[in-house]
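Chain by chain, the residues run as shown.
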Amino acid sequence: MSSRDGQAKARVLARPLRWLLPSLAVIVVLWLGGFYLFTSSLPMAVDDETMPADAIVVLTGGSERLTEGLDLLHRGLSKKLLVSGVYRGVEVAELMRIMRGSPADFDCCVVLGYDADNTRGNAIESAAWMEKEGFRTLRLVTASYHMPRSLFEFRRALPEATIIPHPVFPDRVKHDEWWRWPGTTMLYVREYNKYLLARLRALVDDLLGTGATA
């Protein structure tokens, strides 16, 4: 191969890099900016602790969520509580342990949802239950870092419902100066990526006309 041929080949190989590297830089900057906005928007407290709702929906993933949901039920903020995603996030034995102090609540007011295995599934399962019960308002209980994605999915599945976010704050998640805690930082990164994927999937669904519950 002549030197001229080698130079031409090098130029051909270099062409993609001219746009690839700047494009990657733009993507990184956009991701970092979005991540900053995401972490800045995470709830640090419950904004509305007193407004009643037709239902309480607890997304499994920690005993704090179940305890908080039951406390809301005991306070009379709703007459029904749905625990969505039981098999994925919590064993029935754990739920029974938490409920042991008030078995009457379990019989009359607590419904276990077994169909959901992700946040989108939680929203679809809850929407079907809400429609069956004729409910129009719900108080959504999940971890604070999980609330943005949960609200996004629930508002798509229940566009006409009033949803009251009710975040809980697990002790293992260090909300203050979270960047100093590698475990919390990685948790936020994973949740932010899942949030982006949820938005992307919803965009594709809308473009294809498959809808929120496809």
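For the structure itself, look to the data block above.
Residues numbered from 1 in each chain as written. Predicted model: local features only at pLDDT ≥ 70, side-chain atom pairs only at ≥ 80, totals over all residues. Heavy atoms only, no water.

Phi is mostly negative for residues that are not glycine, and the peptide bonds are mostly trans. Notably, Glu177 is not glycine yet its phi reads approximately 50 degrees, a positive angle. Here Glu177 shows up in the loop between strand E5 (162-168) and helix H8 (182-208). (Helix = DSSP H or I, 4+ residues; strand = E, 2+ residues; numbered from the N terminus.)

Under the counting rule described, the total for this entry stands at one disulfide. The disulfide that involves Cys108 links it to Cys109, with 2.3 Å between the sulfurs. What sets the handedness of the Cys108 and Cys109 disulfide is the S-S torsion sign, and at about -70 degrees it is left-handed. Residue classification places Cys108 among the partly exposed residues on the basis of a relative accessible area of 45%. Cys109 sits in the buried class, given a relative accessible area of 14%. (Disulfide = S-S within 2.5 Å. Buried < 20%, exposed > 50% of the residue type's maximum accessible area, 1.4 Å probe, protein only.)

Moving on, we come to the packing of aromatic side chains. A full pass over the atoms with the stated rule returns 10 aromatic pairs. Looking at Lys174, its charged tip hangs above the ring of Trp181, at a distance of 5.5 Å from the centre. (Phe/Tyr/Trp six-rings, centres within 6.5 Å; stacked < 30°, edge-to-face > 60°. Lys NZ or Arg CZ within 6 Å of the ring centre and 35° of its normal.)

Let's shift gears to the packing of helix H6 (residues 119-133) against helix H7 (residues 147-157). Two numbers describe how H6 lies on H7: the axes approach to 9 Å, and their chain directions differ by 40 degrees. Looking at the two axes, H6 sits oblique to H7. As H6 runs across H7, the sense of the crossing is right-handed. Contacts between H6 and H7 involve Thr119, Arg120, Asn122, Ala123, Ile124, Ser126 and Ala127 on the former and, on the latter, Arg149, Ser150, Glu153, Phe154 and Ala157. For the contact of H6 with H7, the per-class residue count stands at five nonpolar, four polar and three charged. (Axes fitted to C-alpha atoms, helices over the stretch in contact; angles between N-to-C directions. Parallel < 35°, antiparallel > 145°, perpendicular 65-115°, else oblique. Left-handed = near helix turned anticlockwise from the far one by under 90°. Contact = heavy atoms within 4.5 Å. Nonpolar A, V, L, I, M, F, W, Y, C, P; charged D, E, K, R; others polar.)

Here we take up the side chain of Glu191. Tracing the backbone shows Glu191 in helix H8. Aside from chain neighbours lying at most four places away, what touches Glu191 is Phe38, Tyr145, His146 and Arg149.

With that settled, the discussion passes to the environment of Asp47. With respect to the helices and strands, the residue Asp47 is situated in the loop between helix H1 (3-41) and strand E1 (55-59). Counting along the chain gives 119 residues from Asp47 to His166, while the straight-line C-alpha distance between them is 7.8 Å.

Once that is clear, we can look at the pattern of salt bridges. For the structure on display, the rule yields eight salt bridges. Notably, a salt bridge pairs Arg139 with Asp48, separated by 4.0 Å at the nearest N-O pair. Placement of the pair is Arg139 in strand E4 (residues 137-143) and Asp48 in the loop between H1 and E1, with a sequence separation of 91 residues. Asp205 is paired through a salt bridge with Arg201; the nearest N and O atoms lie 3.4 Å apart. Residue Asp205 and its partner Arg201 are both found in helix H8; the two are separated by four residues, about one turn of the helix. Owing to a relative accessible area of 10%, Asp205 belongs among the buried residues under this scheme. For Arg201, a relative accessible area of 21% puts it in the partly exposed group. The structure contains a network of salt bridges with shared partners spanning Arg120, Glu153, Arg201 and Asp205. (Salt bridge = Lys/Arg side-chain N within 4 Å of Asp/Glu carboxyl O.)

With that settled, consider the nonpolar core. Residues Val57, Trp129, Met130, Leu138, Leu140 and Phe154 are the most contacted members of the largest nonpolar core, which totals 17 residues. Of all the elements in the fold, those that place two or more residues in this core are E1, H6, E4 and H7. Apart from the residues lying within four places of it in its own chain, the contact partners of Val57 are Leu82, Ser126, Trp129, Leu138, Arg139, Leu140, Val141 and Phe154. (Core = buried A, V, L, I, M, F, W, Y, C linked by side-chain atoms within 4.5 Å.)

This part covers the sheet that holds E4. With respect to topology, five strands assemble into an open sheet ordered E3-E2-E1-E4-E5, the strand pairing being parallel. The open sheet has two edge strands, strand E3 (110-113) and E5, and neither has a second partner. With direction set aside, neighbouring strand axes in the sheet form an average angle of 20 degrees. Bridge count for E4 against E5 is seven bridges, and the pairing is parallel. Across the sheet, Thr137 pairs through a bridge with Thr162, a residue of E5. (Pairing = 2+ DSSP bridges.)

These figures come from the coordinates and say nothing about function on their own.
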